[in-house]
Amino acid sequence: MAPPARYCVPGERLCSTEEATAGSGTYTRHGFIFSSLAGCLERKNEDSELPVVSVVRDSESQLLPNVGAVVTCKVCSINSRFAKVHILYVGSTPLKSTFRGTIRSWREDIRATEKDKVEVYKSFRPSDIVLAKVISLGDAQSNYLLSTAENELGVVVARSEAGRGRTGSGLKQCSSLPQGQLMKLPPSPHGGKQVWEGAALTYCAPGVQMVPISWCEMQCPRTHTKEFRKVARVQPQFLQT
């Protein structure tokens, strides 16, 4: 049976330099080997007479978005100048924690052509899933700067605004109730939520996932309503079956 792993903390004395050779994650001082990391102690017998002592971290380091990396993000908010997003994946690897990103409209960050005609609300909407490329690193105070100015980058998943409207089976007149009073209705068969609209209570169905019909438009398959987006031409490596 293998001996139990020994865990070390930085500055912990491991052994004498006469007993082993210092490896990665260690340092020597006054004839002894000390740990420079918090992790697991490893002792390997290599070509030398003395074993090599190393300290290895026992947890994976956090993956960070790097300049040039393609990331998958979700749009949180938009205004006339930029779209704010949360970065969820780097390549195909999910992040342990999300990072904030910004896609600007006043530079060539949304599309490379006709940049003077770019309008953020015609490119992205909140809750859209977007493929983008990191063009500048962020820090604790600022966001990562992202770009979708390539054919392969842009919106890959979007839900129809028209599909979020009322459903016929969910509409029920409540004119006999005082203004502002809600009537209890059974759960929506469409999985939506109840919304008070004047003298009627209606179901608000979740948006239907749209399909791309051009590089700048998507269409709702239920209502056939078209909406503007900066559509990505998705590459095979980003498709999941």
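First, a word on scope: everything that follows refers to the structure included in this document. (Residues numbered from 1 in each chain as written. Predicted model: local features only at pLDDT ≥ 70, side-chain atom pairs only at ≥ 80, totals over all residues. Heavy atoms only, no water.)

Quick word on the environment of Leu153
Stated formally: Secondary structure counts use DSSP, requiring at least four H or I residues in a row for a helix and at least two E residues in a row for a strand, with both numbered from the N terminus. A 1.4 Å probe rolled over the protein chains alone gives each residue an accessible area, and that area as a share of the maximum for its type sets the label: buried under 20%, exposed over 50%, partly exposed in between. Throughout, a residue-residue contact means that at least one pair of heavy atoms, one from each residue, lies within 4.5 Å.
Checked against the element boundaries, Leu153 lands in the loop between β12 (144–147) and β13 (154–157). Exposure remark for Leu153: the relative accessible area of 4% places this residue in the buried category. Residues Leu153 and Val231, spaced 78 residues apart in sequence, show a C-alpha to C-alpha distance of 7.4 Å. When near neighbours in sequence (up to four residues on either side) are disregarded, Leu153 contacts Val70, Leu131, Ala132, Lys133, Ser147, Thr148, Lys230, Val231 and Ala232.

So, the sheet that holds strand β1 (residues 7–8)
Defined as follows: Here, any two strands with at least 2 DSSP bridges between them count as paired.
The 4 strands lie next to each other as β1-β6-β7-β3, forming an open sheet whose pairing is mixed. Strands at the two margins of the open sheet, each flanked by one partner only, are β1 and β3 (21–22). Relative to strand β6 (residues 39–44), β1 runs antiparallel, the two being bridged by 2 bridges. The residue bridging Cys8 from the neighbouring strand is Gly39, located in β6.

Examining the pattern of salt bridges
Just so we agree on the cut-off: Salt bridges are identified by distance alone: a Lys or Arg side-chain nitrogen within 4 Å of an Asp or Glu carboxyl oxygen.
The final tally for this structure, using the stated rule, is 6 salt bridges. Here Lys122 ties to Glu119 by a salt bridge, and the two come within 3.5 Å at their closest N and O atoms. Residue classification places Lys122 among the partly exposed positions, given a relative accessible area of 30%. On the basis of relative accessible area, Glu119 is assigned to the partly exposed category, the value being 33%. Glu152 is paired through a salt bridge with Arg233; the nearest N and O atoms lie 2.9 Å apart. Pair noted here: Glu152 is in the loop between β12 and β13 and Arg233 is in the segment after β19 (226–228), with a separation of 81 residues, a long-range link. Via salt bridges that share partners, Asp128, Glu227 and Arg229 belong to a single interconnected network.

Some details on the sheet that holds strand β17 (residues 211–212)
One open sheet holds the 3 strands; their spatial order is β17-β18-β19, and the pairing between them is antiparallel. The two strands at the open ends of the sheet, each matched to only one other strand, are β17 and β19.

Section: the nonpolar core
The condition is simple: Nine residue types can take part in a nonpolar core, namely buried Ala, Val, Leu, Ile, Met, Phe, Trp, Tyr and Cys, and a core is a set of them joined through side-chain atoms within 4.5 Å.
By size, the foremost hydrophobic cluster in this structure holds 27 residues, and its most contacted members are Val71, Cys73, Ile87, Ile103, Phe124, Val130 and Leu146. Counting only elements with at least two residues in this core, the list comes to β8 (70–78), β9 (82–90), β10 (93–104), β11 (129–136) and β12. Other than its neighbours up to four places away in sequence, Phe124 contacts Val75, Ile78, Ala83, Ile103, Ile110, Val130, Thr148, Val155, Arg229 and Lys230. Residues Ala20, Ile33, Leu41 and Val55 belong to the second largest nonpolar core, which totals 8 residues.

Structural notes on the side chain of Ser54
Turning to its location among the elements, Ser54 is positioned in strand β7 (residues 52–56). According to the relative accessible area criterion, Ser54 is buried, its value standing at 12%.

Details of the pairing of β6
In this sheet, β7 lies alongside β6 in antiparallel orientation, the contact comprising 5 bridges. In the strand pairing of β7, Leu41 is matched with Val55.

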